[in-house]
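# Results of the structural survey
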Amino acid sequence: MLKIDGLKKSFGDNRVLKGVSLEVDKGDVIVILGPSGSGKTTLLRCLDFLEYADEGKMEFDDINVNLNHISRKDIKKIRNKLTFVFQNYNLFANKTALENVTEGLIYGRKVPKQEAIEIGKQMLDKVGLSERYNYYPSQLSGGQQQRIGIARAMALKPDVILFDEPTSALDPELIGEVLSVMKKLAKEGTTMVVVTHEMNFAQDVANKIIFMDGGVVLEEGTPKEIFTCPKEERTKQFLKRILPEDDYVI
């Protein structure tokens, strides 16, 4: 479905991505792991053209583009196929939960307002916010705000949803409600690429793990392969630091 080849990105003299390749098939739940500064978030942002890659190629169904000279028309086509769930929600503070979900439909996709409202309600119901349609972000918890972000992404009916550390800004007791929604999406066959440090989610829900460090993909495999017998020493070091001692079986 989606294939990236040789993606490179620098900020000045800082080479953040040094030739990353990635393949996403329909129904995949891919979790990207790695230390801070490894390029995980930059990779996702380049996929959605929130940042522009310096080099690389993308194939997305029938779209084939060079990432360093892509047209606005092709960017729009690709953005119609994927959406982004942000770490810090990125909701409009002056819009209700329902309005935050419907904005992209009405103004981005030109969906008639009444139809957009119906879709928005369906998506908010799906993430457990049927009683919060008319609440503003300031009246909601972080977990509820992030669930609005997920509802907003789902409303656009994308082929792929990109999640950038969707629970990292949440208090510990709110993380579970967001992960529960994501697990539900995975069971329904939603294709997702997720940057996260939630190891249980990675082990239980992902079908592919990618480990990045220093702007490159060092290792990839199934959760069982990565968590029980990683090949790279750097992967082993990372997992030993991040996993509870009882779960570390390498």
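First, a word on scope: everything that follows refers to the structure included in this document. Residue indices begin from 1 for each chain and proceed along its sequence in written order. Local features in this predicted model are restricted to residues of pLDDT 70 or higher, and side-chain atom pairs are both shown and tallied only at a pLDDT of 80 or more, whereas totals for entire chains, interfaces and linings draw on every residue. Calculation of side-chain values draws on the structure's entire complement of heavy atoms; hydrogens and water are dropped beforehand.

Below, the discussion takes up a negative patch on the surface. A patch consists of residues exposed above 30% relative accessible area that lack any salt bridge, with like charges linked at up to 9 Å and nonpolar side chains (Val, Leu, Ile, Met, Phe, Trp, Tyr) linked at up to 5 Å. For accessible areas, the Shrake-Rupley method is used with a probe of radius 1.4 Å. Any residue's cover is judged against the shown protein chains and nothing else. Salt bridges are defined as contacts in which a side-chain nitrogen from Lys or Arg sits within 4 Å of a carboxyl oxygen from Asp or Glu. Positive residues here are Lys and Arg, negative ones are Asp and Glu, while His and the chain termini are left out of the count. A charge is said to be at NZ when it belongs to Lys, at CZ for Arg, at CG for Asp and at CD for Glu. Taken together, the side chains of Asp 5, Glu 23, Asp 25, Glu 59 and Glu 220 make up a negatively charged region of the molecular surface. Counting from the N terminus, the helices are the DSSP runs of H or I reaching at least four residues and the strands are the DSSP runs of E reaching at least two. Mapped onto the elements of the fold, Glu 23 is located in strand β2 (residues 14–24). Whether a residue is buried, partly exposed or exposed follows from its accessible area with a 1.4 Å probe, protein chains only, as a fraction of its type maximum: under 20%, in between, or over 50%, in that order. Taking relative accessible area as the criterion, Glu 23 reaches 43% and is therefore assigned partly exposed.

Time to look at the pairing of strand β5 (residues 63–66). Residues of β5 alternate between two faces, with Ile 63 and Val 65 buried on one and Asn 64 and Asn 66 left unburied on the opposite face. A pair of strands is labelled paired if DSSP reports no fewer than 2 bridges between them. Where strand β4 (residues 55–60) and β5 come together, four bridges link them in antiparallel fashion. Counted as the bridge partner of Glu 59 is Asn 64 from β5. Here β4 folds back onto β5, and the loop between the two strands holds two residues, one of which, Asp 61, carries a positive phi near 55°.

Time to look at the side chain of Glu 219. As for its placement among the helices and strands, Glu 219 is situated in strand β10 (residues 216–221). The buried charged residue Glu 219 lacks any salt bridge partner; its closest oppositely charged side chain belongs to Lys 231, at an N-O distance of 6.2 Å. Any pair of nitrogen or oxygen atoms within 3.5 Å is treated as a polar contact; in protein, a donor-acceptor pairing is required on top of that, and neighbouring residues in sequence qualify only through side-chain atoms on both sides. Of note is the side chain of Glu 219, whose polar atom sits 2.5 Å from the backbone nitrogen of Lys 231. At 2.8 Å, the side chain of Glu 219 forms a polar contact with the side chain of Thr 235. Any pair of residues with heavy atoms lying within 4.5 Å of one another is described as a contacting pair. Contacts of Glu 219, omitting those with residues within four sequence positions, involve Ile 209, Ile 210, Phe 211, Ile 226, Pro 230, Lys 231, Glu 232 and Thr 235.

Looking at where Asp 74 falls in the secondary structure, it is placed in helix α2 (residues 72–79). Separated by 36 residues in the primary sequence, Asp 74 and Lys 110 have C-alpha atoms spaced 18 Å apart. When near neighbours in sequence (up to four residues on either side) are disregarded, Asp 74 contacts Ile 63 and Val 65.

Across soluble globular proteins, nonpolar side chains have a tendency to be buried as a group. Only buried residues count toward a nonpolar core, which is a set of Ala, Val, Leu, Ile, Met, Phe, Trp, Tyr and Cys residues joined through side-chain atoms within 4.5 Å. The biggest cluster of nonpolar side chains holds 53 residues, and the ones touching the most others in it are Leu 124, Ile 150 and Phe 163. Per-element tally for this core: the top contributor is helix α6 (residues 172–187), with eight residues. Look past the residues within four positions of Phe 163 in its chain and what remains in contact with it is Leu 44, Val 85, Ile 150, Met 182, Leu 185, Met 192, Val 193, Val 194 and Val 195. Formed by 33 residues, the second largest nonpolar core is a distinct cluster that contains Leu 7, Val 20, Ala 53 and Ile 210.

As a further point, take the pairing of β2. Where strand β1 (residues 2–11) and β2 come together, eight bridges link them in antiparallel fashion. Bridging across to β2, Leu 7 finds its partner in Val 20.

Residues lying three or four places apart along an α-helix face the same way, a consequence of the helix completing one turn every 3.6 residues. In a regular helix each residue adds 1.5 Å, so 14 residues correspond to 20 Å; helix α4 (residues 113–126) covers 20 Å between its end C-alpha atoms and thus fits that length. Here α4 has its buried residues at Ala 116, Ile 117, Ile 119, Gly 120, Met 123 and Leu 124. Looking straight down α4, one finds its buried side chains confined to an arc of 165°; they lie on one side. Of the surrounding secondary structure, the elements contacted by the buried residues of α4 are α3 (97–108) and α5 (142–155). One or two positions beyond α4, positive phi appears at Gly 128, with a value near 80°. Each residue after the first adds 1.5 Å to the expected span of a helix. The arc in question is the one spanned by the directions pointing from the helix axis to the C-beta atoms.

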